[in-house]
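Summary of structural features
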Amino acid sequence: MPQLAILQYPDPRLYKVAKPVSEVDDRVRALLADLFETMYAAKGVGLAATQADIHERIIVADVSEERNQPLVLINPELIERSSDRKEWEEGCLSLPGIYDKVTRPDRIRVRALNAQGEVFELEADGLLAVCIQHEMDHLTGKVFVDYLSPLKRNRIKSRMLKRQREAA
């Protein structure tokens, strides 16, 4: 299972909208394994296929302390969200070392396919709800810094571009 390269903000490919998965087959299951390996190696709690330049509606996540509760969401749909909102400090594997506060619904219900292609629904709150919403944003071409003010976003963009120049 190879680790995949994670796109770094402000790469324009992060803004591509992902296409639905038409069939959950061995190719998709192999991709899930690669996404999990990549996410765990990067010490993340979630990863959207978009971040690996694969523009399909696939998310992997594991918010457990022990890193032993992998969650697969294929073609996820947000079907319910609470009116209660909570502010969380978010980070992103596409923006290493960058964190800022984002306000999102505190509880959600999502419908998706699992690794066997079976439909399921999941209610989530707290960190898992934040993680799912954050990763679902990636599938629609949105990055968490898009919630920030233009000034903050531009500062982060400049910092990321400077890092990328220095690393080259």
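Residues numbered from 1 in each chain as written. Predicted model: local features only at pLDDT ≥ 70, side-chain atom pairs only at ≥ 80, totals over all residues. Heavy atoms only, no water.

**Points about the overall build of the protein chain**
Tallying secondary structure elements over the protein chain gives three helices and seven strands in all. Taken from N to C terminus, the helices and strands of the protein chain fall in the order α-β-β-β-β-β-β-β-α-α. Here the protein chain has a C-alpha radius of gyration of 15 Å; the compact-globule value for 168 residues is 15 Å, and the two agree. For the protein chain, buried positions account for 47% of its 168 residues. Across the protein chain, contacts joining residues at least 24 apart in sequence account for 66% of those joining residues at least 6 apart. Surface accessibility of the protein chain: about 8,900 Å² in total, with carbon and sulfur atoms responsible for 49%. (Helix = DSSP H or I, 4+ residues; strand = E, 2+ residues; numbered from the N terminus. Rg over C-alpha atoms; globule rule 2.2 N^0.38 Å. Buried < 20%, exposed > 50% of the residue type's maximum accessible area, 1.4 Å probe, protein only. Contact = heavy atoms within 4.5 Å. Areas by Shrake-Rupley, 256 points an atom, 1.4 Å probe, with all protein chains shown as cover.)

**Considerations on the sheet that holds strand β6 (residues 107–113)**
Pairing is antiparallel across the open sheet formed by five strands, whose spatial order is β1-β2-β3-β6-β7. Pairing within the sheet leaves two strands with one partner each, and these edge strands are β1 (46–48) and β7 (119–125). Direction aside, neighbouring strands of the sheet carry axes that sit 40° apart on average. Bridge count between β1 and strand β2 (residues 58–61): three bridges; the pairing is antiparallel. The residue bridging Leu 47 from the neighbouring strand is Val 60, located in β2. Contacts from helix α1 (residues 26–41) reach β1, β2 and β3 (71–81), with the element oriented near 45° to β2. Sheet strands touched by helix α2 (residues 126–139): β1, β2, β3, β6 and β7. Its angle to β7, the strand with the most contacts, is close to 120°. (Pairing = 2+ DSSP bridges. Axes fitted to C-alpha atoms, helices over the stretch in contact; angles between N-to-C directions.)

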